[in-house]
Amino acid sequence: MEYPIECKLPYPAIFDSHAHLDDKAFDEDRETLIEEMKNSGVAGIITCGCDIESSKRALSLAHKYDFIYAAVGIHPEEIQKGDSLDEIEVLAQDKKCVAIGEIGLDYYYDKEHKKLQKEIFSSQIDLAKKLHLPIIVHDREAHEDTLIILKDKKPKGVLHCFSGSVEMAKEVLKLGMYLGVGGVITFKNARKLPEVVKIIPDDKLLIETDCPYLAPVPYRGKVCFSGMIPLTAKKIAEIRETDTESILQLTKENATRLFNI
Ligand SMILES: [Zn+2]
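Quick caveat: nothing in here was measured; it's all calculated off a predicted structure. (Residues numbered from 1 in each chain as written. Predicted model: local features only at pLDDT ≥ 70, side-chain atom pairs only at ≥ 80, totals over all residues. Heavy atoms only, no water.)

J.: Pulling in residues and values, what's your account of the overall build of the protein chain?
T.: Scanning the protein chain for helices and strands turns up nine helices and eight strands. Scaling as 2.2 N^0.38, a compact globule of 261 residues should have a C-alpha radius of gyration of about 18 Å, and the protein chain matches this with 17 Å. The C-alpha extent of the protein chain, read off along each of the three principal axes, is 45 × 40 × 30 Å. Relative to its full complement of 261 residues, the protein chain shows a buried share of 59%. (Helix = DSSP H or I, 4+ residues; strand = E, 2+ residues; numbered from the N terminus. Rg over C-alpha atoms; globule rule 2.2 N^0.38 Å. Buried < 20%, exposed > 50% of the residue type's maximum accessible area, 1.4 Å probe, protein only.)

Dropping the structure here:
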């Protein structure tokens with residue numbers, strides 16, 4: 001995998017709050033890439049599970065590399081497998097597990113099982129609260145129901161790859177939750193996201209990749225990795241009228257605070 005030269009500058013602090021390092025896109029050169037990222041300023045990565053198996057893979061990567069942390073959970077697209085939440089609870093007690101995620105609602109891929117999605121999302125929030133862990137929320141075309149559940153349960157956590165309106169962002173922020181912004185902000189069709197990025201308080205902004213997906217411009221469509229975060233930070237800095245280093249610094253502080261690292 002090619003490591004873009006503009007991402008090789010020794011940035012002081014890059015914390016990727018949402019990655020899928022266990023994805024098969026990284027099978028060929030995962031170890032080399034992780035070493036390169038570590039040497040290029042990536043100070044922390046949270047790699048998220050989507051079911052039992054990927055949660056286990058996330059944990060084993062977290063055990064292998066001290067700057068990698070894991071989130072365990074069942075993604076809304078994976079609920080049909082019937083994976084056991086009891087097993088998630090066991091995995092969540094690992095010392096390198098820092099969150100329950102990725103969990104949430106996805107009405108883009110699955111409109112048929114809304115009720116089941118809501119039940120599993122709610123149960124995993126209850127689990128996170130029981131274990132005093134934050135949650136990492138996936139919300140795709142399910143803004144209304146996501147907000148209803150969050151308002152009811154009031155968990156700690158982040159809405160990753162936030163795609164809602166400014167109004168929704170304000171509601172989520174009122175609950176004390178964080179908003180995750182990734183490569184989409186660099187896309188021409190980012191729509192309402194720049195307006196959202198403007199209003200997030202400094203202490204509630206997280207930066208992320210969702211790698212291997214959503215590589216920032218000019219690498220859109222390529223395999224993404226945490227080392228590309230400076231490109232996303234640069235765009236966020238432009239919108240917020242600050243500099244890239246400040247965005248990297250504050251998003252790292254926010255991630256270490258939320259995930260208790
Ligand atoms: Zn994800």
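Let us keep going from here.
J.: Provide a residue-level description of the sheet that holds strand E6 (residues 157–159), including the pertinent values.
T.: Here we have eight strands laid out as an open sheet, ordered E1-E2-E3-E4-E5-E6-E7-E8, and parallel in their pairing. Each end of this open sheet is capped by a strand with a single partner; those strands are strand E1 (14–19) and strand E8 (205–207). Strand-to-strand twist in this sheet, taken as the mean axis angle between neighbours without regard to direction, amounts to 25 degrees. Its contacts with the sheet place helix H2 (residues 52–64) against strand E2 (42–48), strand E3 (68–72) and strand E4 (97–106), and it is angled at close to 160 degrees to E3. (Pairing = 2+ DSSP bridges. Axes fitted to C-alpha atoms, helices over the stretch in contact; angles between N-to-C directions. Contact = heavy atoms within 4.5 Å.)

J.: Explain the layout of surface pockets residue by residue, including any values.
T.: Considering only enclosed or pocket space, the largest pocket measures out at about 1,100 Å³ in volume. Every residue lining the largest pocket is counted, 35 residues in all, and those nearest its centre are His138, Arg140, Cys161, Asp210 and Leu214. At the level of elements, H2 and strand E5 (135–140) are the ones that each hand at least two residues to the lining of the largest pocket. Examining the composition of the lining of the largest pocket, we find that three residues originate from one element, E5, more than from any other. Of the residues contributing to the lining of the largest pocket, the split by class is twelve nonpolar, eight polar and 15 charged. (1 Å grid on protein atoms, 1.4 Å probe; cavity = no way out; pocket = protein on both sides within 12 Å on 5 of 7 lines; lining within 4 Å. Points joined across faces, edges and corners; volume = space filled by probe spheres on them. Nonpolar A, V, L, I, M, F, W, Y, C, P; charged D, E, K, R; others polar.)

J.: So what about the coordination of the zinc ion? Which residues, and what values?
T.: At 2.1 to 2.3 Å from the zinc ion lie its protein donor atoms, namely His18 (NE2), His20 (NE2), Glu102 (OE) and Asp210 (OD). Around the zinc ion sit four donor atoms, and with donor-metal-donor angles ranging over 86 to 179 degrees the site reads as irregular. Sequence spacing among the residues donating to the zinc ion works out to H-x1-H-x81-E-x107-D. Here Asp210 lies in the loop between E8 and helix H8 (229–239) and Glu102 lies in strand E4, a separation of 108 residues in the sequence. For Asp210, a relative accessible area of 11% puts it in the buried group. (Donors = N, O, S within 2.8 Å, 3.2 Å for Na, K, Ca; no water. Tetrahedral: all angles 85-135°; square planar, octahedral: opposite > 155°, others 65-115°.)

J.: Account for the nonpolar core, naming residues and giving values.
T.: Membership of the largest hydrophobic core comes to 75 residues, with the highest contact counts inside it found for Leu21, Ile68, Ile100, Phe121, Ile135, Leu159 and Leu179. Of the residues forming this core, the biggest block, six residues, is contributed by H8. If we ignore the near neighbours within four places in the chain, the residues touching Ile100 are Val72, Ile88, Ala92, Gln124, Leu127, Ala128, Leu133, Pro134, Ile135 and Ile136. (Core = buried A, V, L, I, M, F, W, Y, C linked by side-chain atoms within 4.5 Å.)

J.: Give a description of the pairing of E3 that names residues and reports values.
T.: By the criterion of burial, E3 is predominantly enclosed, with five of the five residues buried. Here E3 shows two buried faces, one formed by Ile68, Ala70 and Val72 and the other by Tyr69 and Ala71. Note that E2 and E3 share four bridges and pair parallel. Its bridge partner lying in E3, Thr47 is registered against Ala70. As a crossover connection, the stretch from E2 through H2 into E3 is right-handed. (Right-handed = clockwise from strand over helix to strand, strands pointing away.)

J.: How would you explain helix H3 (residues 85–92) if you had to name every residue and give the values?
T.: Taken together, the buried positions of H3 are Ile88, Glu89, Leu91 and Ala92. All buried residues of H3 lie within an arc of 165 degrees about the axis, which places them on one face of the element. Among the exposed residues of H3, those oriented more than 90 degrees off its buried face are Asp86 and Val90. Residues of H3 that are buried sit in contact with H2, E3, E4 and helix H4 (114–130). One side-chain oxygen at the N-terminal end of H3 lies 3.1 Å from the backbone nitrogen of Asp86; it belongs to Ser84. (Arc of directions from axis to C-beta. Polar contact = N/O pair within 3.5 Å; in protein donor to acceptor, adjacent residues only side chain to side chain.)

J.: Give me the packing of aromatic side chains: which residues, what numbers.
T.: To describe a pair of aromatic rings, one takes the distance between the centres and the angle between the planes. Taken as a whole and judged by the stated rule, the model has one aromatic pair. Here the guanidinium or amino end of Lys96 rests over the ring plane of Tyr69, the centre of that ring lying 4.8 Å away. Across the ring face of Tyr108, the terminal group of Arg140 is positioned such that the distance to the ring centre comes to 3.6 Å. (Phe/Tyr/Trp six-rings, centres within 6.5 Å; stacked < 30°, edge-to-face > 60°. Lys NZ or Arg CZ within 6 Å of the ring centre and 35° of its normal.)

J.: Give a description of unusual backbone geometry that names residues and reports values.
T.: Following Gly101, the chain continues into Glu102 via a peptide bond in cis, with omega recorded as 10 degrees. Cis peptide bonds are those with omega within 30 degrees of zero, and the linkage from Val217 to Pro218 qualifies with 10 degrees. Here Pro218 is to be found in the loop between E8 and H8. Positive phi, normally seen in glycine, also occurs at Arg191, with a value near 50 degrees. Owing to a relative accessible area of 68%, Arg191 belongs among the exposed residues under this scheme.

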